[in-house]
Every structure is written in C-alpha cells, then in structure tokens.
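Descriptive structure summary
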Amino acid sequence: MELEKQIQADMVAAMKAKETVRLASLRAIKAAILLAKTAEGGTGEVSDQDIVKLIQKLVKQRKESAQQYNDAGRPELAENEMAEAAAMEVYLPKQLSEAEVEAELVKIIAEVGASKPSDMGKVMGVATKRLAGLADGRVISAIVKKLLAQ
C-alpha cells in the first residue's frame, strides 16, 4: 500500500510540473493497480509486491513496443516508449548484474543437483522464485542454459 501512495503523490507532482511522459507512465501504473483491485476474485487490496509485478509487466510491454517501433522504422515512437519505461523503472527494486545473477544461479544449480541441460526446468523453478523482481526472466534463462551446457 505504501508504493501505491507514493505513486499517487508522484502523479500529482508530475501534473503540477507538467511532466507529460512521467504522468502518462504513472497513469498507466495507476490504471493497472485499479484493474488488479477490481479484478474478479480479487480482494480489493493490492500489496506492494503485486504492484512491483505489475510495474515489471508494464516496463516489459514498453520495451517490447519500443523494439517493434524501431523495427518498423519509427524511432520517435520507440523513444517515447523507452522514456515511459524509464519513468516506471524508478519504482522497481534494483536489478542484479549478470555476474550477480550468475553467482546466485551457480548456488541454485548446486542446491538442486542439476548437471545437464535437461535439468533446466528444476533450476528455473527455484531461480524464478528466488530472483523474482531482481532479474529479468530472459537473462536468468540464458545464464542457466550457459551454465548447464558446460
């Protein structure tokens, strides 16, 4: 709930400062929170952890859209998407570097006892839970593949 209040306060500040990109980003986050609160089967409450997951999803969508715009030769639209993604990333926990992710994955592989590429599912199950919010799933997957292929 604390993160939601922070987002609301920042939204008001962005309106007053006439920061259009930041305001659009915050409105998208706020809309996602409201959708999550009113979703069927929902409790009407959203935890900070759930909000972080929502923001991660929104950032991922913005980055994928930017990539598609770049591929289509529309850099001005891609630039806007990346600016919104950057404004949203402020509310995410600090991401681990690839070296930190790799060190954590080496520990997980040892714990699980994985030794060959077919053990990737076991490793990914533990890794995605432990590194949730700290590293992108694609990065985790790529490093696990590399480590298990050795």
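Just so we're clear, the structure is a prediction, and the values are computed from it rather than from any experiment.

What to know about the layout of surface pockets
A volume near 460 Å³ is recorded for the largest pocket. Around the largest pocket, the lining comprises 20 residues; the ones closest to its centre are Gln56, Lys63, Gln95, Ala135 and Asp136. Of all elements in the fold, only α3 (48-71), α5 (98-112) and α7 (137-149) reach the threshold of two or more residues within the lining of the largest pocket. No other element matches α3, which puts six residues into the lining of the largest pocket. Looking at the lining of the largest pocket, its residues break down into seven nonpolar, five polar and eight charged.

Structural notes on the pattern of salt bridges
Within the structure shown, the criterion is met by 15 salt bridges. Its salt-bridge partner being arginine 62, residue glutamate 84 comes within 2.8 Å of it at the nearest N-O pair. Here the residue glutamate 84 occupies a position in helix α4 (residues 75-89), and arginine 62 occupies one in helix α3, the gap between them amounting to 22 residues. Taking the relative accessible area as the measure of exposure, arginine 62 reaches 12% and is therefore buried. Between lysine 146 and glutamate 102 there is a salt bridge; the shortest N-O distance is 3.2 Å. Remark: glutamate 102 occurs in helix α5 and lysine 146 occurs in helix α7; sequence separation between them is 44 residues. A relative accessible area of 26% places glutamate 102 in the partly exposed class. What you see here is one network of salt bridges that share partners, running through Glu104, Lys107, Glu111 and Arg130.

Criteria and cut-off values
- The numbers attached to residues start from 1 for each chain and follow its sequence in the written order.
- It should be noted that, the model being predicted, local features are given only for residues of pLDDT at least 70 and side-chain atom pairs only at 80 or more, the latter also being counted only at that level, while totals for whole chains, interfaces and linings use all residues.
- Working from all heavy atoms in the structure, the side-chain values ignore hydrogens and water.
- Think of a 1 Å grid over the protein atoms and nothing else: a 1.4 Å probe that fits but is trapped marks a cavity, an open set flanked by protein within 12 Å on at least five of seven lines marks a pocket, and residues with an atom within 4 Å of a point count as lining.
- Grid points are joined across faces, edges and corners, and a volume is the space filled by probe spheres set on the points.
- Numbering goes from the N terminus for both helices and strands, where a helix is a DSSP run of H or I of at least four residues and a strand is a run of E of at least two.
- Note on residue categories: nonpolar means Ala, Val, Leu, Ile, Met, Phe, Trp, Tyr, Cys or Pro, charged means Asp, Glu, Lys or Arg, and polar means any other residue, Gly included.
- Salt bridge, as used here, is a side-chain nitrogen of Lys or Arg placed within 4 Å of a carboxyl oxygen of Asp or Glu.
- Throughout, exposure labels follow a simple rule: accessible area from a 1.4 Å probe, protein chains only, divided by the maximum for the residue type, with under 20% read as buried, over 50% as exposed, and the rest as partly exposed.

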